[in-house]
Amino acid sequence: MTPNLFHTDYPWTSPDVPLVVSAPMMKITLGRHAVSVSANGGFGFLAGGFDLTPLAKDLAEAAELAKAQGLSLHNGALPIGVGVQNWGSDLRLALDAIKKHPVAAVWFFAPKQLSDLLEWAREIRAATENKTKIWVQIGTVAEALEVAKTTKPDVLVVQGADSGGHGLAHRASLLTLLPEIVDALAEEGIKIPIVAAGGIMDGRGSAAALALGADGVALGTRFLAAKEAVIAKGYQDEVLRVSDGGVSTTATTIYDVVRNIHGWPETYNGRGVINRTYQDAKHGMSNDENVQLYKEAMQQGDSGWGPDGRMTTYAGTGIGLVREVLPAGDIVRQVQQETVQILQKSAKRFAS
Ligand SMILES: Cc1cc2nc3c(=O)[nH]c(=O)nc-3n(C[C@H](O)[C@H](O)[C@H](O)COP(=O)(O)O)c2cc1C
């Protein structure tokens, strides 16, 4: 079996090593980042977030960057993906942008209800004559089965509880979630490639996810320390500084409250580094006062982050494993190579 079964659909991805994907991260992974990842044998996703107004412009820029880096179109599509948060996104804006610049895949996340994805998938597939594949990020066994049977995505992204940013409030770590989904799909006779996300920071996490049944891996938090990430220095410095993510991060809705973001489905919250915003909320500060203090912190630039900061630092429990800023392409290659080395070493260790 080829190590990268996605190579047929996405031929710019390295054929002989497992697929490494950079997950869409709203306002952080834009064209330069996505193109760098794909130009280095990975699969980069440009984040559309929930307001797709700038998407057409962002994709036009990405197309220029891809051309400049010698990345050619495959089957008429840009060799990157676009991530959308369906709960707040306008399908018409998505279609306008994707018709102008077809992309290799669109990654859906957090619809108000899973049935909303049917129209999204149908319209996007029709608009690009199936050039654009459909990826759906889910977080439970029930979601995996429902999406697999209804939307029938080309790829299922299984998001475990360690992940940074938003995710379902109730879900398990990849260690248990992933194999249970693999078994549940197999029992129904459903074959869909699986990409694992949540807590994968290096080749060790990636090898583990493959051992659990994933066909490829997606990393978010690790790419917060990519050179191409659009991220404030204060935020990136926090990602490098903070360790022990089980106690230094938490999953909460307070960071949406202070940033005045409304509309996330109630089943979701967001994992970020514990800061003053969270602690004050926990100790009874009103939302109004917390919002006001957040606004003041926004005026402080990079010093708004830090142990006593109030600025939001979305990141996963793996944050302590992120120790240096590297070009996105180096991260891709490092994870790929480490994964193969670890799996080969394990195979030798237990060879009879
Ligand atoms: C800062 C940040 C922003 C994110 N934004 C999005 C997003 O816009 N769309 C999405 O589908 N997932 C988003 N995610 C979640 C990722 O898709 C992915 O599930 C997660 O990063 C994987 O876990 P990890 O951070 O431990 O690697 C975000 C994650 C982070 C850390």
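Small disclaimer: the values here were computed from a predicted structure and weren't measured.

## Looking at the overall build of the chain
Reasoning step 1: Scanning the chain from terminus to terminus reveals 13 helices and 11 strands.
Reasoning step 2: With the C-alpha coordinates of the chain rotated into their principal frame, the extents come out at 55 × 55 × 40 Å.
Reasoning step 3: Taken over 352 residues, the chain has a buried fraction of 56%.
Reasoning step 4: Accessible surface computed for the chain: about 15300 Å², of which carbon and sulfur atoms make up 50%.
Reasoning step 5: With 32 positive and 37 negative side-chain charges, the chain shows a separation of 3 Å between the mean positions of the two kinds.

## Some points on the packing of helix α5 (residues 141-150) against helix α6 (residues 174-187)
Reasoning step 1: Axis separation between α5 and α6 bottoms out at 9 Å; the angle between their running directions is 35°. Classified by chirality, the crossing of α6 by α5 is right-handed. Touching Val 141, Ala 144, Leu 145 and Ala 148 of α5 are Leu 177, Glu 180, Ile 181, Ala 184 and Leu 185, all from α6.

## Regarding the domain arrangement of the chain
Reasoning step 1: According to the domain assignment, the chain contains domain 1 (19-230 + 323-349) and domain 2 (233-319).
Reasoning step 2: Taking only C-alpha atoms, the centre of domain 1 and the centre of domain 2 are 24 Å apart.
Reasoning step 3: Across the boundary between the two partners, domain 1 contributes 27 residues, which contact 21 residues of domain 2.
Reasoning step 4: For the pairing of domain 1 and domain 2, the buried interface totals around 2000 Å² over both sides, and the portion due to carbon and sulfur atoms is 63%.
Reasoning step 5: Area buried by domain 1 at its contact with domain 2 is led by Trp 87, His 166 and Leu 224, which between them contribute 31% of it.
Reasoning step 6: The interface formed by domain 1 and domain 2 contains zero salt bridges.
Reasoning step 7: Counting across the domain 1 and domain 2 interface gives 10 residue pairs in polar contact (both at pLDDT 80 or more).

## Section: the site of the ligand
Reasoning step 1: Neighbouring residues of the ligand: 23 residues in total, closest Gln 85, Trp 107, Gly 199, Gly 220 and Thr 221.
Reasoning step 2: In the model, an oxygen atom of the ligand is placed 2.8 Å from a nitrogen or oxygen of the Gln 85 side chain.
Reasoning step 3: A distance of 3.1 Å separates an oxygen atom of the ligand from a polar backbone atom of Gly 164.
Reasoning step 4: In isolation the ligand has 600 Å² of accessible area, and contact with the protein removes 97% of it.
Reasoning step 5: Grouping the constituent residues of the shell around the ligand by class yields 12 nonpolar, 10 polar and one charged.

## Structural notes on the pairing of strand β6 (residues 155-159)
Reasoning step 1: Among the five residues in β6, five count as buried, and that is most of the element.
Reasoning step 2: Residues Val 155, Val 157 and Gln 159 point to one face of β6 and Leu 156 and Val 158 to the other, with burial holding for every one of them.
Reasoning step 3: When strand β5 (residues 133-138) meets β6, the two strands line up parallel, connected through four bridges. Opposite Val 136, over in β6, you have Leu 156 as the bridge partner.
Reasoning step 4: Taking the sense of rotation as the criterion, the β-α-β connection linking β5, α5 and β6 turns out right-handed.
Reasoning step 5: Here β6 runs beside strand β8 (residues 194-197); their pairing, made up of four bridges, is parallel. Each bridged residue has a counterpart across the sheet, and for Leu 156 the counterpart in β8 is Ile 194.

## As for the sheet that holds strand β7 (residues 165-168)
Across a sheet, paired strands are connected by hydrogen bonds in the backbone, their directions being either parallel or antiparallel.
Reasoning step 1: With respect to topology, three strands assemble into an open sheet ordered β7-β11-β10, the strand pairing being antiparallel. Of all strands in the sheet, those bounded by a partner on one side alone are β7 and β10 (249-252). For this sheet the average axis-to-axis angle between neighbouring strands, irrespective of direction, equals 30°.
Reasoning step 2: Bridging between β7 and strand β11 (residues 268-273) involves four bridges; their strand directions are antiparallel. Bridging across to β11, Gly 167 finds its partner in Asn 269.

## Quick look at the sheet that holds strand β2 (residues 43-49)
Reasoning step 1: Pairing is parallel around the closed barrel formed by eight strands, whose spatial order is β1-β2-β3-β4-β5-β6-β8-β9. Taking the axes of each pair of neighbouring strands and ignoring which way they run, one obtains an average angle of 25° across the sheet.
Reasoning step 2: One ladder, built from three bridges, connects β8 with strand β9 (residues 216-219); its direction is parallel. Pairing of Val 195 across the sheet is with Gly 216, part of β9.

The rules we used
- The written sequence of each chain sets the order in which its residues are numbered from 1.
- In keeping with the predicted nature of the model, local features appear solely for residues at pLDDT of at least 70, side-chain atom pairs appear and are counted solely at 80 or more, and the whole-chain, interface and lining totals rest on all residues.
- Based on all heavy atoms of the structure, the side-chain values leave hydrogens and waters out of the count.
- Strands are runs of DSSP state E lasting at least two residues, helices are runs of H or I lasting at least four, and both sets are numbered from the N terminus onward.
- For each residue, the accessible area found with a 1.4 Å probe, counting protein chains only, is set against the maximum for its type, and the residue is called buried under 20%, exposed over 50%, and partly exposed in between.
- The accessible surface values rely on the Shrake-Rupley method and a 1.4 Å probe; as for residues, cover is taken only from the protein chains in view.
- Charged-residue counts in this description rest on Lys and Arg as positive and Asp and Glu as negative, His and the chain ends being excluded.
- A charge is said to be at NZ when it belongs to Lys, at CZ for Arg, at CG for Asp and at CD for Glu.
- Fitted lines through C-alpha atoms serve as axes, helices being fitted only where they are in contact, and the angles separating the N-to-C directions of these axes extend from 0 to 180 degrees.
- By convention, the crossing between two helices is left-handed when the near helix turns anticlockwise from the far helix through less than a right angle, and right-handed when the turn is clockwise.
- Here a residue-residue contact requires only that any non-hydrogen atoms of the pair lie within 4.5 Å.
- The source of the domain bounds is an automatic or database domain assignment.
- Buried area, as used here, totals the accessible surface that two parts lose on assembly, with accessibility defined by a 1.4 Å probe and the loss added over both.
- We define a salt bridge as a side-chain nitrogen of Lys or Arg found within 4 Å of a carboxyl oxygen belonging to Asp or Glu.
- N or O atoms within 3.5 Å of each other form a polar contact, as long as, within protein, one can give a hydrogen and the other can take it, and as long as residues adjacent in sequence are counted only when both atoms are side-chain atoms.
- A single heavy atom is enough: if one lies within 4 Å of a molecule or strand, its residue is considered near that molecule or strand.
- Residue classes follow a fixed rule: Ala, Val, Leu, Ile, Met, Phe, Trp, Tyr, Cys and Pro count as nonpolar, while Asp, Glu, Lys and Arg count as charged, and any other residue, Gly among them, counts as polar.
- Two strands qualify as a pair provided DSSP detects at least 2 bridges between them.
- Here is how to tell: hold the view so the strands point away, follow the path from the first strand over the helix to the second, and if it runs clockwise the crossover is right-handed.

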